[in-house]
Amino acid sequence: MEEEEIMWKLDSNSVESATIGRVMSTLLSSRPRKLQEAIFRFGSNPHQTSGLNEVRVADLRVRYISSSDESLWFLNKYVTDAVEKKDSLDQILVPMIESSLKYRGRKHSNQPMIILNWLFQEKLLCKALVTSLATMISRKEDRYIALGWCTLVRELLEVEITMTQPTKNGVSENYYALLEILCACIPRLTVIMCDGSGLQDGSELPTRLSVAAADCFLALTEALTRKTLLSKVPSRNNASNSVVALSRIAENKVEPVTTSSEASNNVELDWLLWDHLDELIVLVQKLVAWNRKSRPLYAKGLEQVLKWLEEIKSHYGNFPDEADKKILKTGVLLLSSCWKHYSRLLHLEDHKISQHYKDLLEQYLSGIQFYTENCTEKRTENGDTTGIETRKFFLNCLSLLLGRFDQQQFDRIMLEYGIEISNALLSQFHSADEDVIEGSFSIFKAAVFKANYSSSQSRSTGTSMMDSVVPSLLDLLNERNVTSKAVVMLVAEYCFINTDGHCLQEILKLLDSPNALQRTNAVDVVRELIRISSDSVHVLSNSMWQDVAKRLLERLADEEPEIRSNTSNLLPMIDPSLIFPSLVHLFYSSDERVCLSASDALIAVLKYHSEKHEVIFMLLDSLSNLTQSLDIPDSSRDKGQGGSMLDFDKVRMLIAEWSKSVKDWKLLIEPLIDKMLAEPSNANIVKFLSHISEHLADNADIVFSRVLLHMKGQELDKSFFARPDSRTCTSNDSDAFTRSLFDRLCPLLIIRLLPLRVFNHLQSRVLYGQCNEVLLHASKNGDIDMNRHDCVATLLMNRAFGKFEFEDVRKLAAELCGRFHPKVLFPIISSQLEHAAESQDILKIKACLFCICTSLVVRGWDPKFCNVLLKVRNSIEKVLLWRSLEVSKAQHGCIDCLALMICAEVQTPESIRNSSTSENIVAGKMCSRSPTLNYVISQLMHGKHEFMSPPKLNSKTYISESSFPLPFRICMANTLISACQKISDIGREPFAQMTLPHLVHSIEVVRDQEIRAACIQVVFSVVYHVKSAVLPFAPDILEVALKSLREGSEKEKMAGAKLMASLMASEDPILECISEGLLEARSLLSVMSSTDPSPDLRQLCKKLLVCLTSP
């Protein structure tokens, strides 16, 4: 014996390792029935006559162990020795783990459970094995071992072994001890579960290991509540009893009947579960993330469970004092009671639940019905709401149960229970609790509206069920509460999937309801429907959208401000083509309320589609169509060249608000310019563009490029003109004439919309090209090279100076040329004007003068261009000295140009400063800062100018005398009169100081009666237009008037009488200044009113006399 023991010790490690491997392989490969029979034999006679007791150990270690009896004896011996020696039991547990994972889910594969159940019959072995198993999950880093471990532990916790022979159940007898040891693994399982998640397409998905860890976690925590599990799942006959049991659990009224020892164990397990409340919350959070995309209803139920767990922790988790321990015990019991039901519904892999889902479904529906019918929503003394928490519990369970089924199973359940589910959920919509409403809504949405009925019979049944609940849902839209909000979303969902449009028509009818609440809810349904449609590939039919748009537009006239506002916010989300014509018509409604609502809606639509030019086109087209409508109020109509025109000022506000929302104008400007070029006679487009002119200016190169490209492609039909200089349309096709006119005007109108600053960009190639090139290609005869169309400037000049052109186009082109930078404009224009004056080209002269006038008006005087303007003045003098009858056609342009030159010179800051000095006022010296004014007055007074070159003899355009003829001098007087009319407020005083002293003096010394009369007429214009600025000269002016009345010719007397009238109509300071002279004037007027031979003059004198003599 001693030798045998020594030999055993020497090679025990190697022999035992090989032998235990064969033993485990033999037992795990045995048939479950055979294995149980062997265990029974071993248990009935541990020292059975199998020969084991008589066989020497030395023989046993070398003999091949082939029978189950021998394997069980060896395993028992091995485990017992290992426990006594505190050796590792991994060689026993690892094969069991591998076997559980290899044969998981197969029938008759519970050999590991049979072996463990047998070994657990001895408490010492049970504790050692479970402890070793519990530590293995932390000791082993192998993922395969971890996966098998989770499988084995879950099977161990859920084991239901049916023994063929009566024997003890080791697992059951040591269940509480087993749970206490395994609960230490919960933190490790939580780590495995969290680390096993990954992202795919933005969704969090679990790995196989994390799923197994989560299910093992659930099985372990479910086992902690198993003390209160019902032994049998209730049938439909005793469903009401089950409902009461479940409700008592949900409301913390469970009083399980147990022995004292069982009660003690139960309490300990309850506290074990409570200690892992934080891990439970993490578990449910992960389940929510994993199921959110694939199983939305299930995820919604999980979210409600998560919310409940967090509330439990918040409400019961902060009572450390002994006095509050009773409250904490309530929370512990409530957690344990409800979790036992939640946990069995949370397993990710659980095929058993489908076997008894009907019983669970009937329990939950019966519970909902029972507590809806028998409990009110009144709060108890402790603040709880009777029945509400129970209904939430049942709704959560129902969400978890229905949400875990695949589509085919779900459809099958709905065919059988759809009506019951819908009726039970409809009753919950009357609840005042938001959680009840939200939970019911989620289930209802999935159960009634999301079922996928594959067969024709199923589809018919499903449609019938949907149609049957819609009236009930519509009845809930009579109020504004939590219920109506949920119903709004449900009805919108159904309207979206209901292809026949019946439900939508019912909602649209509610928009006309006399009940304001129904109308408000109906608008909300439409809003939700639009949202759903925008997020889906499936879209409503065009006819449906037309009906929706029509009814919403009618709501802009609703009596309720909230409805009008909500409608205005909804319209932008509808296809603009369906609403714009009617919306624009409402915008011009005579009803102020409708007009204001339509205005808000239009602004909202334009902002919503801020950078879509198609929407702006719809607005413009709608305005154009409405222009021709007979329903436009007269107050909003303006008769013009294009017929009836809308009051576009109302649109200005819309454009201003819309323009603030535009971020990229480059996307809009080119299409807008192209639209105007395509519709040149559309005045609404011009007005629209005028309101965004600053934004056009910021993108001027785009505008100029489109205009330039269009103008290059234009061709003018010369058959419209009979003679090159007549511009008379001879074409019988007036429509073609009009189209051609607007087509050539249109690009110029676009340029005219741009502010002046865009013409200051001398480096802009599309506008000016190279400035030097513009000057270079002006030919010797003053014409711009017609073949150079490389920039906008040359094209505009061609339009202004071309021989064949519409008068309106020529005039507008000349005006635009006047906006050019002076460095570009004046050299070219002075040359053009000079050659035109020599050739007596009236059209070109008028165009050049108009360019110069425009430049003086918009840019003012620039001393740097005095020499160029002197050249212009010389050309004007030549034109005014023509003896041809054609002079009258250009005369007005010459006079206006000289007048504007005077105004520009007088209005310079230096002239204004010099006008305040006393020297100028007293002496009346002519300011040298206005050479044009000096020139005009000199020509008027003397009929010659020292700076003027003598005219050529025998010239058609000059007189041979050394002095200028009377008509020329009269033109100078008209120039001064025109300057009086054009002078600005700031230029009045310097103009008066520069002009009046010389005019008063000239009246005294000039001998020609016509010139004296003209000078008096100029003084009259100065007094009439310049007003208070003539105060320093008022006495002298009165003396001029009196002298002309006494001694002048008939023309002088009439001019003097008008001058007297102008003085008498002046401001009080002037009247006070001339008050003494008015006495003499009264006597003179009295005589002339009766003695003067001119009846007109006598009549005028009588009127003046009445004014002087009246109080």
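A quick note: this is a predicted structure, and the numbers were derived from the prediction, not measured. (Residues numbered from 1 in each chain as written. Predicted model: local features only at pLDDT ≥ 70, side-chain atom pairs only at ≥ 80, totals over all residues. Heavy atoms only, no water.)

Caption draft 1: Fine view of the overall build of the chain. Helix and strand content of the chain: 56 helices and four strands. Here the chain holds 1111 residues, and the buried ones make up 52% of them. Long-range contacts, defined here as pairs at least 24 residues apart, represent 74% of the contacts in the chain between residues at least 6 apart. (Helix = DSSP H or I, 4+ residues; strand = E, 2+ residues; numbered from the N terminus. Buried < 20%, exposed > 50% of the residue type's maximum accessible area, 1.4 Å probe, protein only. Contact = heavy atoms within 4.5 Å.)

Caption draft 2: How the structure looks around the pattern of salt bridges. Scanning the model with the defined rule gives 47 salt bridges in all. Notably, a salt bridge pairs Asp-81 with Lys-77, separated by 3.8 Å at the nearest N-O pair. Here Lys-77 and Asp-81 lie together in helix H5 (residues 68–85), a separation of four residues that amounts to about one turn. The salt bridge involving Lys-300 is made with Glu-303; its shortest N-O contact spans 3.8 Å. You can see Lys-300 and its partner Glu-303 sitting in helix H17 (residues 296–316), three residues apart, about one turn around the helix. Relative accessible area serves as the criterion here: at 29%, Glu-303 is assigned to the partly exposed category. (Salt bridge = Lys/Arg side-chain N within 4 Å of Asp/Glu carboxyl O.)

Caption draft 3: Spatial organisation of the packing of helix H29 (residues 576–587) against helix H31 (residues 613–627). Contact geometry of H29 with H31 gives a least axis separation of 9 Å together with a crossing angle of 40°. Classified by the angle between their axes, H29 and H31 sit oblique to one another. Crossing of H29 over H31 shows right-handed handedness. Within the contact between the two elements, H29 uses Pro-576, Ser-577, Phe-580, Pro-581, Val-584 and His-585 and H31 uses Val-615, Met-618, Leu-619, Ser-622, Leu-623 and Leu-626. Partitioned by chemical class, the residues of the contact of H29 with H31 number nine nonpolar, three polar and no charged. (Axes fitted to C-alpha atoms, helices over the stretch in contact; angles between N-to-C directions. Parallel < 35°, antiparallel > 145°, perpendicular 65-115°, else oblique. Left-handed = near helix turned anticlockwise from the far one by under 90°. Nonpolar A, V, L, I, M, F, W, Y, C, P; charged D, E, K, R; others polar.)

Caption draft 4: Structural context of the pairing of strand S2 (residues 203–206). With four bridges connecting them, strand S1 (residues 197–200) and S2 associate as antiparallel partners. Each residue of the ladder has a partner; that of Leu-199, found in S2, is Glu-204. Connecting the antiparallel pair S1 and S2 is a turn made up of two residues, with Asp-201 showing a positive phi of about 55°. (Pairing = 2+ DSSP bridges.)

Caption draft 5: Looking closely at the nonpolar core. One finds Leu-75, Trp-149 and Trp-339 to be the most contacted residues of the largest nonpolar core, which totals 351 residues. Sort the elements by how many residues they give to this core and helix H45 (residues 887–906) lands first, with twelve residues. Trp-339 has contacts with Leu-218, Thr-221, Glu-222, Thr-225, Leu-273, Leu-280, Leu-283, Val-284, Val-305, Leu-309 and Leu-346, leaving out every residue within four places of it along the chain. (Core = buried A, V, L, I, M, F, W, Y, C linked by side-chain atoms within 4.5 Å.)

Caption draft 6: Fine view of the packing of aromatic side chains. The final tally for this structure, using the stated rule, is 15 aromatic pairs. Between the aromatic rings of Trp-308 and Tyr-342, the centroid separation amounts to 5.5 Å while the plane-to-plane angle is 65°, which identifies the pairing as edge-to-face. Of this pair, Trp-308 sits in helix H17 while Tyr-342 sits in helix H18 (residues 325–346); the two residues are 34 residues apart in sequence, bridging distant segments of the chain. Take Trp-308: its relative accessible area is 11%, and that puts it in the buried class. Judged by centre distance (5.7 Å) and plane angle (85°), the rings of Tyr-768 and Phe-820 are edge-to-face. Placement of Tyr-768 in helix H38 (residues 765–768) and of Phe-820 in the loop between helix H41 (807–817) and helix H42 (822–839) is noted, with a sequence separation of 52 residues between them. (Phe/Tyr/Trp six-rings, centres within 6.5 Å; stacked < 30°, edge-to-face > 60°.)

Caption draft 7: Layout of the environment of Ile-312. As for its position among the elements, Ile-312 is in helix H17. For Ile-312, a relative accessible area of 4% corresponds to the buried category. Between the C-alpha atoms of Ile-312 and Leu-334, which are 22 residues apart in sequence, the distance is 8.6 Å. Setting aside chain neighbours within four positions, we find Ile-312 in contact with Trp-274, Leu-277, Gly-317 and Leu-334.

Caption draft 8: Layout of helix H12 (residues 186–195). Looking only at H12, the buried set comprises Ile-186, Leu-189, Thr-190, Ile-192 and Met-193. Buried residues of H12, seen end-on, are gathered within an arc of 165° and therefore sit on one face of the element. Its buried side turned inward, H12 meets helix H8 (123–139), helix H9 (143–157), helix H11 (175–182), S1, helix H13 (208–223) and helix H16 (277–291). (Arc of directions from axis to C-beta.)

Caption draft 9: Broad picture of the packing of H12 against H16. Closest axis-to-axis distance for the H12/H16 pair is 10 Å, and the angle between their directions is 20°. On the basis of the axis angle, H12 is roughly parallel to H16. The handedness of the crossing between H12 and H16 comes out as left-handed. Where H12 approaches H16, its residues Ile-186, Pro-187, Thr-190, Met-193 and Cys-194 are matched on the opposing element by Glu-279, Val-282, Leu-283, Lys-286 and Trp-290. Tallied by class, residues from the contact of H12 with H16 come to seven nonpolar, one polar and two charged.

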